[in-house]
Amino acid sequence: MAKKKGGKDSSKASLKAAKKAKAAQKVEKKEKKKVSKTKDEFDDDDQDLESILDKIQREWEEAHKVTEELVEGPPSRRANATLTPCPNGNHLWCIGGEFFSDDGKAHFYSDVYRYSPEKNEWRKFVSPTCPGPRSAHAVVASPAGGGKLYLFGGEFSSLYQNSFHHYRDFWCFDISTHTWERIDTKIRPSARSGHRMAMWKHYIVLFGGFYDPGIKTNYLNDLWLFDTQEYKWRQVEFKDTERRPSPRSGFSFLSTPEGILLHGGYCKEYVKGSRPVGVMLDDTWFLRMTLSSETPTTGKSSADPLTLKWEKRKKTSTAYAPSLRSGCTMALWSNKNTGILFGGVTDEDTNEETLESVFHNDLFGYQITGNGRWVSMNLKRPKKKGGAPKKKAVVQQTRPESDEEDYDNEGESDDDGGENDNDKPAKRSKPTPPSKETSVPDDEVDPDDPQRTVPLPRYNAMLAVLRNTLYIYGGIYEKGSREYTLDDFYSLQLDKLDRYVCLKASEIVIAEGDEESSSDEDDDDSDDDDDETINDNESVTVVGEDEEKEVEVLETIQEEEKDSLRVQATAFMGVAKDATRSAEDVLSTPLPGETLAMFYARSREYWAQKAFGTTDSRGKQLRRDGFTLAEERYAEYKPILEEVERILAEAGLDEEEMRKGAAAGPQGASGQSRNRR
């Protein structure tokens, strides 16, 4: 019996062991399966990550893909573009610009062109990643890293100029790869146009410009620095007691080894109760920049290594200086450390309806060294062989006959003129308009006369100097009531000053009959405006939300109402700035950005008088009746005011700036072209 029992126990133990071994095999199998599955998952993850990275790479390459195209000639007609010499080669870079067609449409560009003088060829570079279309921006070149172009700011408007926008973005164009990169920093200058930038060592220096939200053009005189090594913007603060240039735009801003030269510019004077008047500036400043070579041994430097100070230059003799003008920015002739100025416009803003303008095509040089002085840049006649009699020259606009100094004649600088403590220079006498060509028989005209090669008078021309050659592209010319955007291209050897070479002639035909604007056309325009106003008033229809859903036709009506409201709001913005309105109209009309409380506060007496004439109320009741009238008037204009605020918000204006604009009161319009800013 004992043996039997022992046999059973052994068989049970063997079964148990077999079960255990089977379970262990199962677990091992599961573990192997799990490990295998995990390995497969890791392999899948690796493959997914690689595909994601590959996709990102492909998308980036697609976004930064550059298309290079050889084009027939210079860019299409445009103004307020930039023409920048290449820092590492013999090229010119043209970026952006604007063109206003005869049908009133605004066209803005974002394209990049490169001009090669040796081949006389233009190439166009297009990339999906690039700054938006713009004009009146600023571009500066740096030789670092194979060559870079830095772009900041500018402006853009919609096709029919219903909405307007100032940029405050900052971009870098890599000349070697032809690709754009946007530089985003938390601290940066405010949105603006018409500003200027210059490169000094590894700093980009930005000054001035303007911001136009639609109510009033605000001119700026803040100074900013961008460190290209640290990729940081910072604003330079000056003490109230320190002198500095007044706010302006469209000035010359030239870099030198000691600092930056600023000359001229344009701004508007706003005087309460009268219309704004354009001011042409001719003062000269020098921003002296000193970089300390001392480096701290430990920690951060307690003092800023860079010191900046504005110095106002004395006015030298006006014998070789240009007449007072705007729309002319100097280009730097670095070989001679001289600024080159061409053309411009002189405006006599006599009243609201009359703006007399003289356009220039003369050339000037400003030697930056020392205290600075203007020098002659007259074209030189070629020397005749033998004693051939001189032929009559074609008379064109030139400098005064007394200007006989050659550029090479160094002469003594005239620094006797006293320093003008007033930042705004006194206006000079109005220059004489350019003479028309004298009718001279063909056989008496000197074919070698260099004056025959001088380009047409213009302002806002794009200038650049490569080595010893000046290049002039486009600009704006006005005749009568018409404005012409030019597309011609010229060069001039500055070291020879023999003649202008026309690299591309203008195909624009300037009509002879444009001298006078037709009063009949003006009357017709005003009649059309009246008709449009009546139609706008008749087309206003209030449509409920439920009805909109039921009737599809009413959706079209609503769209027309929106367009009509936008037109009314745009027109209202112009009316709000018109200083020729009656005092009653000014008081009884709310301004963009003005709350009901603000509106009533400035027109309280007017509404009280209105209420007094229609009711017998007195005291508090009279004030209540006056407020009711003001409230009704405000409610009448509220839809238009809200639309105006939407337009201003699209332009980048915040609520606080709108309130400030309203608090400043009604401002007059200058009647000047937008290019005069």
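Residues numbered from 1 in each chain as written. Predicted model: local features only at pLDDT ≥ 70, side-chain atom pairs only at ≥ 80, totals over all residues. Heavy atoms only, no water.

On to the overall build of the chain, then. Of regular secondary structure, the chain possesses eight helices and 27 strands. When contacts within the chain are restricted to residue pairs at least 6 apart in sequence, long-range pairs at least 24 apart make up 63% of them. A total of about 37,700 Å² of accessible surface is found on the chain, and carbon and sulfur atoms cover 49% of it. (Helix = DSSP H or I, 4+ residues; strand = E, 2+ residues; numbered from the N terminus. Contact = heavy atoms within 4.5 Å. Areas by Shrake-Rupley, 256 points an atom, 1.4 Å probe, with all protein chains shown as cover.)

A cluster of basic residues, Arg604, Lys620, Arg623 and Arg624, forms a positive patch at the surface. Per-element tally for the positive patch: the top contributor is helix α7 (residues 619–650), with three residues. On the secondary structure map, Lys620 appears in helix α7. (Patch = residues over 30% accessible without salt bridge, like charges linked within 9 Å, V, L, I, M, F, W, Y side chains within 5 Å. Salt bridge = Lys/Arg side-chain N within 4 Å of Asp/Glu carboxyl O. Lys, Arg positive; Asp, Glu negative; His and termini not counted. Charge placed at Lys NZ, Arg CZ, Asp CG, Glu CD.)

Further remarks concern the nonpolar core. Core analysis: the largest hydrophobic core is formed by 19 residues, its most contacted members being Leu223, Phe253, Met289 and Trp310. By size, the runner-up hydrophobic cluster in this structure holds 18 residues, among which are Val454, Leu463, Leu494 and Leu497. (Core = buried A, V, L, I, M, F, W, Y, C linked by side-chain atoms within 4.5 Å. Buried < 20%, exposed > 50% of the residue type's maximum accessible area, 1.4 Å probe, protein only.)

What follows deals with the sheet that holds strand β15 (residues 232–236). As a general point, the strands of a sheet are linked pairwise by backbone hydrogen bonds and lie either parallel or antiparallel. Taken in spatial order, the four strands make up an open sheet running β12-β13-β14-β15, and their pairing is antiparallel. In this open sheet, the two strands that pair with only one neighbour each are β12 (196–200) and β15. Between one strand and the next, the sheet's axes are offset by a mean angle of 25 degrees, whatever the strand orientation. Summarising the sheet, strand β13 (residues 203–211) and strand β14 (residues 218–227) pair through eight bridges and their orientation is antiparallel. Bridge pairing in β14 links Tyr211 to Asn218. (Pairing = 2+ DSSP bridges. Axes fitted to C-alpha atoms, helices over the stretch in contact; angles between N-to-C directions.)

Its place among the elements puts Thr284 in strand β18 (residues 277–291). Among the polar contacts made by the side chain of Thr284, one reaches the side chain of His263 at a distance of 2.8 Å. Thr284 has contacts with Leu261, Leu262, His263, Glu311, Lys312, Arg313 and Tyr366, leaving out every residue within four places of it along the chain. (Polar contact = N/O pair within 3.5 Å; in protein donor to acceptor, adjacent residues only side chain to side chain.)

Here the focus is the pattern of salt bridges. If you walk through the whole model with that rule in mind, you get 17 salt bridges. For Asp111, the salt bridge is made with Arg78, and the minimal N-O distance between the two is 2.8 Å. Linking Asp111 in strand β4 (residues 106–116) with Arg78 in the loop between β1 (67–71) and β2 (82–85), this pair joins segments that are 33 residues apart in sequence. One salt bridge in this structure joins Arg633 and Glu636, with 3.9 Å as the shortest N-O distance. Pair noted here: Arg633 and Glu636 are both in helix α7, with a separation of three residues, about one helical turn.

Turning our attention to unusual backbone geometry. A positive phi is found at Lys201, a non-glycine position, where the angle reads about 55 degrees. Secondary-structure assignment places Lys201 in the loop between β12 and β13. Among the residues examined, Lys201 registers a relative accessible area of 54% and is labelled exposed. Residues other than glycine seldom take positive phi values, yet Leu497 does so here, at roughly 50 degrees. Inspection of the secondary structure puts Leu497 in the loop between β26 (482–493) and β27 (500–504).

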